[in-house]
Amino acid sequence: MGVELPVFANTPIEEISSTVDRLRKTFWTAKTRNVQFRIKQLRKLYWAIEDNKQEIVEACRKDLGKGFFEAMIAEVAWVQNDIVFMTKNLEKWCKDEKAPDIDLTNKFMNPRIRKDPLGMVLVIGAFNFPIQLSFGPMIGAISGGNTVILKPSENSPNSAAVMQKIMQQSLDPDCYVCIQGSVPEMKVLLQERWDKIFFTGSATVGKIITQAAAPHLTPVTLELGGRNPAIVTRKADVALAARRLLWAKTMNAGQVCISQNYTLVDKEVLDAFVDQLKIGLKEFFPNGAKASEDYGRMVNLNSFNRVKKMLDGTSGKIVAGGTMDADELFIEPTVVVINDPEDSLMRDESFGPLLPVLGVDNLDQAIYIANKTHETPLGVYAFGSKAETDKVLASTRSGGASINDGMYHGTIGTLAFGGVGDSGSGSYRGKASFDCFVHHRSITNTPGWIETLLKSRYPPFAGTNKYQQLSKILFAKPNFDREGNEKLGWVTWLFTLGTGGFFRGAFRALLLAGVAVMIKALIDRRTMSKVLPQS
Ligand code: NAD
């Protein structure tokens, strides 16, 4: 391709503290509070990404063997699209919002919600979508009016170096800086007092981040991983399910946090599902995955060996794929039919192209195994009838879910994305990215003329009836009785015929009218039969 890439180099440790100081000072100058400044910065970032898109594609290829299509769709165009969306909406979002649920008396104080920047923010990226998962949250942090330090993953060094170059070319260096490094640099960064840390990565490191944030009570957003289940019932379209799950697991060679970690398939359709996976693999990679320009590689030898070990430890049967090449960090998409929910392929997050498939007797068993394997994964994927997929949603928990698809919800750039429980906390993307990096600051403004009304809040209180007077204005009466039933006011009773709801009241009125008509018809028949002569 002939694209020259910048060289990755760790940021000198001794520079980190002074850089952080500089960014904190900038924050207090209020430079980043100016909305037009933020928009301009984001627009410059857009064009620097555009100017360096060949470098990004090449860096992703070198780091992860990513093909052109995936690099453009999931990295370059993804973050550019995010910038366009943010810059189009930022002014609107930054405006003070009227506070909801304010009673009449307090409306005079004009309660509203201001969207304040948090301050100085640290964004830590993961290796697998190196650009998207670093620039994505950074775009949110810039939009929120913060100064930002980005620490990309050292495991995708080429992408990290290109990002640094892009930031240096386009962004104000007093506000936004890229710091490179691994654990030693992270340790120094984590000693600083941040106003927010946004972390994408493993749960293990997520705990380190949370502990480092605790002494300063720094809020943390954690985007972690999970052992995500896919469930295929006997009513599912197995051909469709197989292709959609293959798509989710072959993208980025399975190094996707929201792809399914395993699939639970009703035994009745297990063979058909496996056959469809085999056919699907041939369709996706007619000359085999290794020869395909579209199929990626493991990020490094550690990852390769970890996935290999999982596969070596399985007691299941490999029915498709299974080949590997350590020199190329290549692992073929591998379908394994397993028999044990405790199999090595179920115990850990594979973060690789493994497709373990476990037969189940019914949906209840699938739900039981899914919940037992991981109570709060990042995603759940259910294939089946509406009643079945509703049941899966109602009986499981997860950061997000896609019905009749693998990880589709995670591909919508403007849909809030995040984990729950140990798969993460907080969310971002679209408007949620802005909300993630601002403080919703409640503000009131008390006019002088209202003082006569407010005087009763001043002491002395003892010996007065100020409480009785004020409580009549301030506090609501319960609309429920001691059994927890709703009490209806007489006006509501009248208009809803005692049902409490307009439509239910209308329905009751119709029923009563129907009964009345029937009674009248009966009376009329009786009267007629008395009046008319019997034949
Ligand atoms: P990782 O936790 O190893 O690394 C993430 C970041 O943490 C890197 O920038 C790294 O430099 C830093 N780091 C590593 N060790 C550290 C330490 N001891 N102290 C301080 N910082 C440290 O994660 P990864 O290998 O880059 O990504 C894989 C994991 O991330 C998987 O579990 C995957 O599911 C998860 N992930 C989650 C999402 C999401 O959006 N929820 C996205 C991608 C990846």
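Residues numbered from 1 in each chain as written. Predicted model: local features only at pLDDT ≥ 70, side-chain atom pairs only at ≥ 80, totals over all residues. Heavy atoms only, no water.

- Identification of the protein as Hexadecenal dehydrogenase from Neophaeococcomyces mojaviensis is taken from an unreviewed UniProt entry.

## Topic: the side chain of Lys 249
Link 1 in the chain: With respect to the helices and strands, the residue Lys 249 is situated in helix H10 (residues 238-250).
Link 2 in the chain: No salt bridge is formed by the buried Lys 249; the nearest opposite charge belongs to Glu 349, separated by 7.4 Å.
Link 3 in the chain: Side chain to side chain, Lys 249 and Ser 259 meet in a polar contact 3.3 Å long.
Link 4 in the chain: What Lys 249 contacts, discounting residues up to four positions off in sequence, is Gly 254, Ser 259, Gln 260, Asn 261, Ser 350, Gly 352, Pro 353, Leu 354 and Leu 355. (Helix = DSSP H or I, 4+ residues; strand = E, 2+ residues; numbered from the N terminus. Buried < 20%, exposed > 50% of the residue type's maximum accessible area, 1.4 Å probe, protein only. Lys, Arg positive; Asp, Glu negative; His and termini not counted. Salt bridge = Lys/Arg side-chain N within 4 Å of Asp/Glu carboxyl O. Polar contact = N/O pair within 3.5 Å; in protein donor to acceptor, adjacent residues only side chain to side chain. Contact = heavy atoms within 4.5 Å.)

## Observations concerning the site of the ligand
Link 1 in the chain: Around the ligand lies a shell of 26 residues, among which Lys 151, Glu 154, Ser 202, Leu 224 and Glu 349 are the nearest.
Link 2 in the chain: Within the side chain of Ser 202, a nitrogen or oxygen atom sits 2.6 Å from an oxygen atom of the ligand.
Link 3 in the chain: At a separation of 3.4 Å, a nitrogen atom of the ligand approaches a polar backbone atom of Glu 223.
Link 4 in the chain: Calculation on the ligand without its partners gives an accessible area of 850 Å², and the protein chains cover 89% of this total.
Link 5 in the chain: Those elements that provide at least two residues to the shell around the ligand are helix H8 (183-191), strand S6 (196-200) and helix H9 (203-213). (Near = heavy atom within 4 Å. Areas by Shrake-Rupley, 256 points an atom, 1.4 Å probe, with all protein chains shown as cover.)

## Description of the pattern of salt bridges
Link 1 in the chain: The tally for this structure, following the rule as stated, stands at 25 salt bridges.
Link 2 in the chain: Taking the shortest distance from any N to any O, the salt bridge between Arg 114 and Asp 96 comes out at 3.3 Å. Of this pair, Arg 114 sits in strand S2 (residues 112-117) while Asp 96 sits in the loop between helix H4 (68-94) and strand S1 (97-98); the two residues are 18 residues apart in sequence, bridging distant segments of the chain.
Link 3 in the chain: Asp 96 gets classed as partly exposed once you look at its relative accessible area, which sits at 31%.
Link 4 in the chain: Here Glu 283 makes a salt bridge to Arg 243, at a shortest N to O gap of 2.9 Å. One end of the pair, Glu 283, is in helix H11 (residues 267-284); the other, Arg 243, is in helix H10, and 40 residues separate them in sequence.
Link 5 in the chain: In this structure Arg 243 comes out as partly exposed when scored by relative accessible area, which is 21%.
Link 6 in the chain: In this structure, a network of salt bridges that share partners links the residues Arg 33, Asp 116 and Arg 441.

## Quick notes on the side chain of Ser 398
Link 1 in the chain: The residue Ser 398 is located in the loop between helix H15 (386-395) and strand S16 (400-403) in this model.
Link 2 in the chain: Here Gly 400 takes part through its backbone oxygen, which lies 2.6 Å from a polar atom of the side chain of Ser 398.
Link 3 in the chain: Not counting residues within four places of it along the chain, the set of residues in contact with Ser 398 comprises Pro 377, Leu 378, Gly 379, Val 380 and Val 420.

## A few points about the nonpolar core
Link 1 in the chain: In terms of nonpolar packing, the biggest core is built from 116 residues, with Leu 45, Ile 49, Phe 135, Met 138, Val 232, Leu 264 and Phe 273 touching the most fellow members.
Link 2 in the chain: The biggest single contributor to this core is H4, with 11 residues.
Link 3 in the chain: A domain-level breakdown of this core finds at least three residues from each of domain 1 (13-224 + 431-441) and domain 2 (229-408).
Link 4 in the chain: Residues contacting Leu 45, with those up to four places away along its chain left out, are Ile 83, Phe 135, Met 138, Ile 139, Ile 166, Ser 170 and Leu 171.
Link 5 in the chain: The next biggest cluster of nonpolar side chains, apart from the first, holds 21 residues, and it includes Leu 23, Met 186, Leu 189 and Ala 212. (Core = buried A, V, L, I, M, F, W, Y, C linked by side-chain atoms within 4.5 Å. Domains from an automatic or database assignment.)

## Topic: the pairing of strand S9 (residues 262-266)
Link 1 in the chain: Of all five residues in S9, five are buried; the element is thus mostly enclosed.
Link 2 in the chain: The alternating pattern of S9 places Tyr 262, Leu 264 and Asp 266 on one face and Thr 263 and Val 265 on the opposite face, and all of these are buried.
Link 3 in the chain: The pairing of strand S8 (residues 229-232) with S9 spans four bridges and is parallel. Each residue of the ladder has a partner; that of Ile 231, found in S9, is Leu 264.
Link 4 in the chain: Between the parallel pair S8 and S9, the chain is carried across by H10, and the sense of this crossover is right-handed.
Link 5 in the chain: Summarising the sheet, S9 and strand S14 (residues 354-360) pair through four bridges and their orientation is parallel. Note that in S14 the partner of Val 265 across the bridge is Gly 359. (Pairing = 2+ DSSP bridges. Right-handed = clockwise from strand over helix to strand, strands pointing away.)

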